[in-house]
Structure formats: structure tokens, C-alpha cells
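Structure assessment
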Amino acid sequence: MPVPLLDVNAQNLPLEAELKEVFDKVLSSGRFILGEEVDAFEQECAAALGAKHAVSVSSGTDALIVSLMALGIGPGDEVLCPSFTFFATAGSISRTGATPVFCDVCPVCFGIDIDSARAKLSPNTKAIVPVHLYGQSADMDSVLAFANEHGLKVVEDVAQSFGATYKGRNCGTIGDLGCFSFFPSKNLGGFGDGGLVTTGSDELAETLLRLRNHGMHPRYYHSTVGGNFRMDALQCALLRVKLRHIKSYEDGRSRNAAYYIERLAALPGVVQASEADCCCPPGQASGTAAAKLILPVAYRGNGHVWNQFTLRVPGEGRRDALREHLAGKGIGCEVYYPVPMHRQQCFADLPGHSLGDCQVSDLLSSEVLSIPVYPELVESQLEEVVAAISSFLS
Ligand SMILES: *Cc1c(COP(=O)(O)O)cnc(C)c1O
């Protein structure tokens, strides 16, 4: 049986009747921009995430852009972000006119490395964008301590981590603003593009509401320049249906991750990364020096929501060999992400960055491989993935 990396139909088709019902409701309402469904979706997201305010927007990328705009970030400003992330984190900073400054990451939790961030601080640094990659929180205590010490704003990129927690707090409610995505492959996956910004600040929430609608308030009066960053009423209505199931999606992902960890850790040469090695250089991490495969770890204080289950496959060319081996057996897998931001052509001319600066990001981009972990996988599929990896290692 083939095992795709993701099967959106397996999640959406069981809800078909309900989804068609809300589609009909929106269709007959004739109300497609803002309005009741949008308000209700925002309130339900705020409740689910423990956020004071939630403002829906057109995508996760736009969530980041509009958040940075709300903080007044623009030309002349620098914003720290990890080099090892999806492009939108860095691209959004650039699109405000500010300069993204790439920091290295931790090889264990994959979050931004604050020692690296400290080395990149300048008088122009205004904000830091930690990314909660693959479904697990970045080390927010050190992010907040660093940000407070230097008066930086904190914009969390929670695109991959809807529902994740850090020491009991929801990711996206820890910094000044939290940016979520409803791209179909995310944990709350929509039917097209959509995004959300959370904040505890009344003032920022007010600014976000205006910015997403051309900076308009009242109607046809513009005191600032915003844009069209609205999320469709139809998308909100459909996602309200899926939001009711988010806990079972999380449980399914956790169950699959636990299965992989138990079964793969038993294979020779496979070790699990250790929380005790957080941010320590990869070569010095305990027990991983001779590893053929390194499994991800959920930190004790974190609620990991496993948007991706990402292996590290050390050794020249071995990651790509495993990728081909799995593909040959009909098992979906993908490299998130093969080129770190500090090596992207579009950022080659940025001032003050050198290619040698983010060595962990370079290493990870050559070692990572994400395997199927979506909630609807059945045990025989998980078994097939484990057997395929086992045959690769032997
Ligand atoms: C998906 C993603 C985004 C962008 O979200 P879109 O909704 O696709 O615009 C931003 N950051 C990270 C880390 C992501 O994974």
C-alpha cells in the first residue's frame, strides 16, 4: 500500500456532508467578505489558542507581514530570524522594507539559537521572529529574556504549530504577536490559503483590523496604508468545521510520532536526540556522533503537535539515499528545507551576512528528511515506513 506524505482527502472527506452544508449556508447568505462567519471563526480560534485577540488574514505569510507592519517595522530596521525555516519567515521581513538577519538554529529543537542572535544584534535591530518548526516550540524563555534585555518585539511564526504549547502556554500567545497559517498541509489545514494573527494587546489588535482592510477607519478614511489581507468568509466557515476536530488531529499525529520513536529507536544505529543537548554544537551532542539516524524529541515542557516528523540522516549523501529508497517503495517523504535562508540567491546582496555564519542550518539542510505523520495513517502504513527504513539501515 503506498504511503503518501500527506492525504488531505482522508481528513476532509469524512466531513463532506458538514462542509457542503456550511458552503450552502454561506452561498445563500450572499455574504462573502468579513461578517458573521469570520467573526465566529476568530472567536473560536482565540478560545482554542487561549489568545485575547485573533484576527484572520489571507495567509500565514500575510500574517507575518501585517504583524511586522503593525509594529511599525520598515526600511532601516533589522529583524532577527532563523536561517533554517520556510522562506515566508524571511521573505515577509524583506517585504516590509526591513532587513532579515539570519541566525543559526539548535540541532535538537530546530528553533533559533539565541547565542547566534546575540552575535547579530545591532543598534537597528527591532524585532525577533522565532519559528516553532515542525510542531514544537522554540526555546521561548531565552527568546523573551533576550528580547526584553534589548527592547525587541517578538513575532512568533506559529505556521506549523497550531495548538503547540511551551511550559503550559500556547505558542502564539507568548510574544507580542503570533502568526498562524491554514495552508492545507498545516495542522489546521484549510481549502486554500488563510492565516491568523493572535495578540494580547488591544492596541495591536485594533491596528491589525485596520491594516488588513486598507488601513481604513471609518469607511473610506485612511490614516495609514494597509492592504487587502482579509480571509474569505467561506474559508472561515469551512475551517470552523475542522477546528472542532483539532484535538483528534493532534492526538493522531502524536500517536504516530510515538509509534515511530518506539519502533525506530529499537533499530541498530538509531538514536533519539536528547533535550539535554539543546543548542549544543551537533558534533558534541551526546551519543549522536556515530548515529546512522537521529530521531526528533519532544521536550518535556512542550506540547509538540508534530506537523512534521523529521529525521536527521548524517553522513555525506545518506539523506538523499534514504529519500530515494523510500520513494522507490512508494513512501512519501520530503526535505524541509534544502536551502537555508542565508544561501538563498535573493538574499545574496544583504549587508552584513557571511556564508559561514549558520553552520548548523547548513548541516540540517543536508541531513533532514520528513516522513508521513498525518493523523489518518493506519498502523499497516506506519509499519511499512518502519520496515522500509529498517531495510535501508541494514
Ligand atoms: C507555511 C509557513 C508559512 C507561510 O504560511 P502560508 O499560509 O503558506 O503563507 C510561514 N512560516 C512557516 C514556518 C511556514 O511553515
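I will try to describe carefully the structure that is included in this document. (Residues numbered from 1 in each chain as written. Predicted model: local features only at pLDDT ≥ 70, side-chain atom pairs only at ≥ 80, totals over all residues. Heavy atoms only, no water.)

**Looking at the site of the ligand**
As a reminder, the rule being used: Definition of nearness: a residue and a molecule or strand are near each other if at least one heavy atom of the residue lies within 4 Å of the molecule or strand. In protein, a polar contact means a hydrogen-donor-capable atom and an acceptor-capable atom, both N or O and within 3.5 Å, with residues adjacent in sequence counting only if both atoms are side-chain atoms; elsewhere, any N or O pair within 3.5 Å suffices. Here the term cavity refers to a set of points on a 1 Å grid, laid over the protein atoms alone, in which a 1.4 Å probe fits but cannot get out; the term pocket refers to an open set having protein on both sides within 12 Å along at least five of seven lines, with lining residues being those that place an atom within 4 Å of a point. To be counted as sitting in a cavity or pocket, a molecule needs more than half of its atoms within 2 Å of that site's grid points.
Not every one of the 16 residues close to the ligand is listed here, only the nearest: Gly60, Thr61, Asp157, Ser181 and Lys186. The side chain of Thr61 places a nitrogen or oxygen atom 2.5 Å from an oxygen atom of the ligand. Within the side chain of Gln160, an N or O atom sits 2.8 Å from an oxygen atom of the ligand. If you map the ligand onto the pockets, it falls in the largest pocket.

**So, helix H11 (residues 318–328)**
What counts is decided by this rule: Exposed residues in this analysis have more than 50% of their type's maximum accessible area, buried residues have under 20%, and partly exposed residues fall in between, with area computed by a 1.4 Å probe over protein chains only. Segments assigned H or I by DSSP are reported as helices when at least four residues long, segments assigned E as strands when at least two residues long, and all are numbered from the N terminus. For this quantity, the arc is that covered by the directions from the helix axis to the C-beta atoms. Working rule for contacts: check all heavy atoms of both residues, and any pair within 4.5 Å makes them a contact.
The set of residues buried in H11 consists of Arg319, Leu322 and Leu326. What you see down the axis of H11 is that its buried residues fit within an arc of 60 degrees, all on one side. Within H11, the exposed residues directed more than 90 degrees away from the buried face are Glu324, Ala327 and Gly328. Looking at the buried residues of H11, the elements they touch are strand E11 (293–295), strand E13 (309–312), helix H12 (359–367), strand E14 (368–371) and helix H13 (379–393). Of the residues one or two after H11, Gly330 is the one with positive phi, at around 75 degrees.

**Comments concerning the sheet that holds strand E4 (residues 125–128)**
Each strand in a sheet pairs with another by means of backbone hydrogen bonds, the pair being arranged parallel or else antiparallel. Quick note on the threshold: For two strands to pair, DSSP has to find at least two bridges joining them. Between N-to-C directions, angles span 0 to 180 degrees; the directions come from axes that are lines fitted to C-alpha atoms, helices contributing only their stretch in contact.
The seven strands lie next to each other as E1-E9-E8-E5-E4-E2-E3, forming an open sheet whose pairing is mixed. Taken across any chain shown, the strands that pair with only one partner, and hence form the sheet edges, are strand E1 (53–57) and strand E3 (99–103). When strand polarity is set aside, the average angle formed by the axes of neighbouring strands in this sheet is 25 degrees. By the bridge criterion, five bridges tie E1 to strand E9 (residues 195–199) in an arrangement that is antiparallel. From the neighbouring strand, Ser56 faces E9, where its bridge partner is Leu196. Contacts between helix H7 (residues 140–150) and the sheet are confined to strand E2 (78–82), E4 and strand E5 (153–157), with E5 contributing the most and set at about 155 degrees to the helix.

**Focus on unusual backbone geometry**
The omega torsion across His217 and Pro218 is -15 degrees, close enough to zero to call that bond cis. The topology assignment puts Pro218 in the loop between helix H8 (202–211) and helix H9 (233–243). Between Tyr336 and Tyr337 the backbone carries a cis peptide bond, its omega angle lying at 10 degrees. The phi angle at Phe110 is positive, at roughly 70 degrees, despite the residue not being glycine.

**Focus on the layout of surface pockets**
Counted only if it meets this: Grid points are joined across faces, edges and corners, and a volume is the space filled by probe spheres set on the points. Side-chain classes are defined by residue name, with Ala, Val, Leu, Ile, Met, Phe, Trp, Tyr, Cys and Pro counting as nonpolar, Asp, Glu, Lys and Arg as charged, and the others, Gly among them, as polar. Where a domain begins and ends is set by an automatic assignment or by a domain database.
Size it by volume and the largest pocket reaches roughly 360 Å³. Phe86, Ala159, Ser181, Phe183 and Lys186 are the residues nearest the centre of the largest pocket, which is lined by 23 residues in total. Elements supplying a minimum of two residues to the lining of the largest pocket: helix H4 (60–70), helix H5 (87–95) and strand E8 (177–181). A breakdown of the residues in the lining of the largest pocket according to their chemical character gives nine nonpolar, 11 polar and three charged. Summarising the domain contributions, the lining of the largest pocket has at least three residues from each of domain 1 (8–243) and domain 2 (246–393). Reported here for the second largest pocket is a volume of approximately 150 Å³. Looking at the second largest pocket, the residues that line it are Leu34, Glu206, Leu209, Arg210, Arg212, Asn213, Met216 and His217. Of the residues belonging to the lining of the second largest pocket, the class tally is three nonpolar, two polar and three charged.

**Side note on empty space enclosed by the protein**
Enumeration according to the criterion identifies four cavities of 30 Å³ or more in this entry. Considered as a void within the structure, the largest cavity measures approximately 80 Å³ in volume. Lining the largest cavity are 13 residues, and of these Leu6, Val8, Gln11, Pro184 and Arg253 sit closest to its centre. Element by element, the count of residues in the lining of the largest cavity is highest for helix H1 (residues 8–12), at three residues. Here the lining of the largest cavity is built from residues that sort into five nonpolar, three polar and five charged. Each of two domains, domain 1 (8–243) and domain 2 (246–393), supplies a minimum of three residues to the lining of the largest cavity. Taken as a whole, the second largest cavity encloses approximately 60 Å³ of empty space. For the second largest cavity, the full set of lining residues is Val108, Cys109, Phe110, Leu133, Tyr134, Gln136, Pro296, Val297, His304, Trp306, Gln308 and Thr310. For the lining of the second largest cavity, the class distribution of residues is eight nonpolar, four polar and no charged. The two domains that each donate at least three residues to the lining of the second largest cavity are domain 1 (8–243) and domain 2 (246–393).

By themselves, these figures tell us nothing about what the structure is for.
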